[in-house]
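Survey of secondary and tertiary structure
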Amino acid sequence: MTRVRVTAPLSAARPAAQTREAAEESVVGQLFVRSLIRSQLRLALVVAGGFLLILGAFPLLLAAVPGLAETRVAGIPFDWLLLGAGIYPVIGLSAWLFIRTAARNEARYRDLAEDK
């Protein structure tokens, strides 16, 4: 049996401490950090607001379509299915959108901080 060592290339790692220290050294760096924090906060508020808006629309859908609340699928009321199982794709999509956009914001910050 042979041992195999799996490692990532050293150039792929970007130490966060160096980027943070570089940002704290100047006024421009501090401006970049504040901009990153604002963009991440704005993203969190938009994703949370959109999620809550969609979550609030589910009961309105049930109230708007007559007879939908009495419908049964495999013996389970449709409104329970919609609120119980229909919300999970919305949660997953919201999380995926948030993570993808937050990573993009941080990559832009790193690019700006390294260029200065």
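Calculation notes
- Residues numbered from 1 in each chain as written.
- Predicted model: local features only at pLDDT ≥ 70, side-chain atom pairs only at ≥ 80, totals over all residues.
- Heavy atoms only, no water.
- Helix = DSSP H or I, 4+ residues; strand = E, 2+ residues; numbered from the N terminus.
- Buried < 20%, exposed > 50% of the residue type's maximum accessible area, 1.4 Å probe, protein only.
- Contact = heavy atoms within 4.5 Å.
- Areas by Shrake-Rupley, 256 points an atom, 1.4 Å probe, with all protein chains shown as cover.
- Patch = residues over 30% accessible without salt bridge, like charges linked within 9 Å, V, L, I, M, F, W, Y side chains within 5 Å.
- Salt bridge = Lys/Arg side-chain N within 4 Å of Asp/Glu carboxyl O.
- Lys, Arg positive; Asp, Glu negative; His and termini not counted.
- Core = buried A, V, L, I, M, F, W, Y, C linked by side-chain atoms within 4.5 Å.
- Expected span 1.5 Å × (residues − 1).
- Bend = angle between axes of the 7 residues up to and from the residue.

Per the secondary structure count, the chain includes four helices and two strands. Reading the helices (α) and strands (β) of the chain from amino to carboxyl end gives α-α-β-β-α-α. Residues classed as buried in the chain amount to 19% of the 116 residues present. Considering only contacts within the chain whose residues lie at least 6 apart along the sequence, 72% involve residues at least 24 apart. Approximately 9,100 Å² of the chain is accessible, and the part contributed by carbon and sulfur atoms is 67%.

A few words on a nonpolar patch on the surface. A contiguous nonpolar patch, built from L93, W96 and L97 and spanning about 330 Å² of accessible area, is present on the exposed surface. The residue L97 is located in helix 4 (residues 87-115) in this model.

The topology assignment puts D79 in helix 3 (residues 78-84). Despite its burial, D79 remains without a salt bridge, the nearest opposite charge being carried by R72 at 7.7 Å. With sequence-adjacent residues up to four places away left out, D79 is seen in contact with L62 and A69.

Attention now moves to the nonpolar core. Of all hydrophobic cores here, the largest spans six residues; its members are F58, L62, L68, L82, I87 and V90. Only helix 2 (27-64) and helix 4 provide two or more residues apiece to this core. With sequence-adjacent residues up to four places away left out, L62 is seen in contact with L68, F78, D79 and L82.

A few words on unusual backbone geometry. With glycine set apart, most residues show a phi of negative sign, and most peptide bonds adopt trans. Positioned with a positive phi, A74 is a non-glycine residue whose angle comes to about 55°. Relative to the helices and strands, A74 resides in the loop between strand 1 (72-73) and strand 2 (76-77).

Taking 1.5 Å as the rise per residue, helix 2 with 38 residues should run 56 Å; its terminal C-alpha atoms sit 54 Å apart, in good agreement. The sharpest bend along helix 2 measures roughly 25° and falls at F58, with the proline P59 sitting one to four residues further on. For helix 2, every residue scored as buried is listed here: G29, F32, L36, S39, Q40, L43, V47, F58 and L62.

Everything listed is a geometric property; what it means functionally is a separate question.
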